[in-house]
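The lines below spell out each chain.
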Amino acid sequence: GARTVPLDSDQTVIAAVASDPVPAWRVENAAVNESDPTFSAVTLAPKSIAVMVKASVEIMQDSLNLEAELPRILARAMAVEIDRAGLVGSGTAPEPKGIVNYTGLTSNTFAGGAINYAALLNARGALHGANERLGAIVMASRDENALAGLVASDGQPLVMPRALEGVRMLHTTAIPTDGGAGSNESQVIAGDFSQLMIGIRSTIRVEILRERFMDNLQFGLIAHARVDFAAAREGAFTVL
């Protein structure tokens, strides 16, 4: 549900909402209360991501599918890394800042523990308590599988609470599962992903270098893109 924002330059400023205006009741003919929303400027500055591989002329000639498959593999690897940066990126140059490192996240009362529906309801309650919408929950593939495998005391699959039935449950290998003191902890991101913007200066492109490695009878393939991430409302997200 994130929004794609085409970038026309290397510095694009967007307005992010820091606080909402406060309406007030009034009597007839009385002055209308003034209350301005607070905005902050967020700059989308596209970061460059790239990878290069080499393949011999012989394997390119002899393989039935490599010429078509290799660009797809490169683009897939790029997409996974771009996803990772948008979710958990450190924000230390040249890497974009991901959602988990936003300073304006909505806080929740989850103190850690095993993945279960109670934890997800905690995230839901925190967002609703901040007048934010819960549209999707993103978690590591390991944790999504653990959640799907929960059983009741009689051994039957645990039914998802009705309050979560309309929420998209998404999983990705881009969220690490080796954090914490035990090197086995992860994070769950919940929120309104329509508030997340993916700034794209250059989409994923795969180009062939036909001359550079020809002394070894090799082709080079480079995949590259320029992207950045920002939230219109950082409080639209909470992290377990």
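Predicted, not measured: the structure shown is a model, and the values here were computed from it.

(A) Broad picture of the overall build of the protein chain. Secondary structure assignment for the protein chain yields four helices and ten strands. In sequence order, the protein chain lays out its α and β elements as β-β-β-β-α-α-α-β-α-β-β-β-β-β. Here the C-alpha radius of gyration of the protein chain, 23 Å, is well above what a compact globule of 240 residues would show, namely 18 Å. Within the protein chain, buried positions represent 34% of all 240 residues. For the protein chain, restricting intrachain contacts to residue pairs at least 6 apart in sequence, the fraction spanning at least 24 positions comes to 75%. Working note: accessible area of the protein chain is about 14100 Å², and carbon and sulfur atoms make up 52% of it. Considering the protein chain, the positive charge centre built from 19 side chains and the negative charge centre built from 26 side chains are found 2 Å apart.

(B) Geometry of the nonpolar core. The biggest cluster of nonpolar side chains holds 32 residues, and the ones touching the most others in it are L87, I99, I189, F193 and F237. Counting residues per element, the ones that place at least two in this core are β4 (47-56), α1 (57-62), α2 (66-88), β5 (136-140), β9 (218-231) and β10 (237-239). In terms of residues, this core owes the most to one element, α2, which gives eight residues. With residues near it in sequence (within four places) discarded, F237 still touches I99, L105, T106, L127, I189, A190, G191, D192, F193, Q195, L196 and A231. Within the second largest apolar cluster, 15 residues are counted, among which are I115, L134, I137 and L240.

(C) Representation of the pairing of strand β8 (residues 196-209) in the model. In the sheet, strand β1 (residues 3-6) pairs with β8 via four bridges, with the strands oriented parallel. Residue pairing across strands places R3 opposite M197, the latter belonging to β8.

(D) Inspection of the sheet that holds strand β7 (residues 189-191) at higher detail. Spatially, four strands are ordered β6-β5-β7-β10 in an open sheet, and the strand pairing comes out mixed. Strand pairing shows two members of the sheet lacking a second neighbour, β6 (168-172) and β10, which therefore form its edges. Averaged over all pairs of adjacent strands, the angle between strand axes in this sheet comes to 20°, irrespective of strand direction. Sheet topology note: the β5/β6 ladder contains five bridges and is parallel. Looking at β6, one finds that V138 is bridged to L170. Here helix α4 (residues 141-148) sits on the sheet in contact with β5 and β6, set at roughly 110° to β5.

(E) Quick look at unusual backbone geometry. Residue A93 is joined to P94 through a cis peptide bond whose omega torsion reads 5°. We note that N29 has phi near 70°; this positive angle belongs to a residue other than glycine. Among the secondary structure elements, N29 is positioned in the loop between β2 (12-19) and β3 (38-44). Despite not being glycine, S183 has its phi angle at roughly 55°, a positive value. By the element assignment, S183 lies in the loop between β6 and β7.

(F) Looking closely at the packing of aromatic side chains. Taken as a whole and assessed by the stated rule, the structure comprises one aromatic pair. Here the aromatic rings of F193 and F237 are separated by 5.1 Å at their centres, their planes lie at 80°, and the arrangement is edge-to-face. Of this pair, F193 sits in the loop between β7 and β8 while F237 sits in strand β10; the two residues are 44 residues apart in sequence, bridging distant segments of the chain. On the accessibility criterion, F193 (11% relative accessible area) is buried. Note that R210 overlies the ring of F219, its terminal NZ or CZ placed 5.7 Å from the centroid.

(G) Just the sheet that holds β1, in detail. The four strands lie next to each other as β1-β8-β9-β4, forming an open sheet whose pairing is mixed. Sheet topology places β1 and β4 at the edges, where each strand pairs with a single neighbour. Neighbour-to-neighbour, the strand axes of the sheet open up by a mean angle of 30°, direction not taken into account.

(H) Inspection of the pattern of salt bridges at higher detail. Enumeration according to the criterion identifies seven salt bridges in this entry. Here E69 and R72 are joined by a salt bridge, their closest N and O atoms 2.5 Å apart. Remark: R72 and E69 occur in helix α2; sequence separation between them is three residues, near one turn of the helix. For E69, a relative accessible area of 25% corresponds to the partly exposed category.

Quick notes on the rules
- Every chain is numbered independently, its residues counted from 1 as its sequence is written.
- Where local features are concerned, this predicted model is filtered to residues with pLDDT of at least 70; where side-chain atom pairs are given and counted, the filter is 80 or more; whole-chain, interface and lining totals use all residues.
- Only heavy atoms go into the side-chain values, all of them from the structure, while hydrogens and water stay out.
- Strands here mean DSSP runs of E at least two residues long; helices mean DSSP runs of H or I at least four residues long; both are numbered from the N terminus.
- The reference for a compact globule is 2.2 Å times residues^0.38; the radius of gyration itself is calculated from the C-alpha atoms.
- Remark: exposure states derive from per-residue accessible area (1.4 Å probe, protein chains only) relative to the maximum for the residue type, with buried under 20%, exposed over 50%, and partly exposed in between.
- Only heavy atoms enter the contact rule, under which two residues are in contact if any of them lie within 4.5 Å.
- For accessible areas, the Shrake-Rupley method is used with a probe of radius 1.4 Å. Any residue's cover is judged against the shown protein chains and nothing else.
- We count Lys and Arg on the positive side and Asp and Glu on the negative side, and we leave His and both chain ends out.
- Charge positions are represented by NZ for Lys, CZ for Arg, CG for Asp and CD for Glu.
- Put simply, buried Ala, Val, Leu, Ile, Met, Phe, Trp, Tyr and Cys residues joined by side-chain atoms within 4.5 Å make one nonpolar core.
- At least two DSSP bridges between two strands are required for those strands to pair.
- Axis geometry follows a simple rule: fit a line to the C-alpha atoms, using only the stretch in contact for helices, then measure angles between N-to-C directions, giving values from 0 to 180 degrees.
- Note on ring pairs: Phe, Tyr and Trp rings are taken, using the six-membered ring of Trp, and paired if centres are within 6.5 Å. Classes follow the plane angle, with under 30 degrees stacked, over 60 edge-to-face and the rest tilted.
- Should the NZ of a Lys or the CZ of an Arg lie within 6 Å of a ring centre and within 35 degrees of the ring normal, that charge is described as sitting over the ring.
- The salt bridge definition used is simple: a Lys or Arg side-chain nitrogen within 4 Å of an Asp or Glu carboxyl oxygen.

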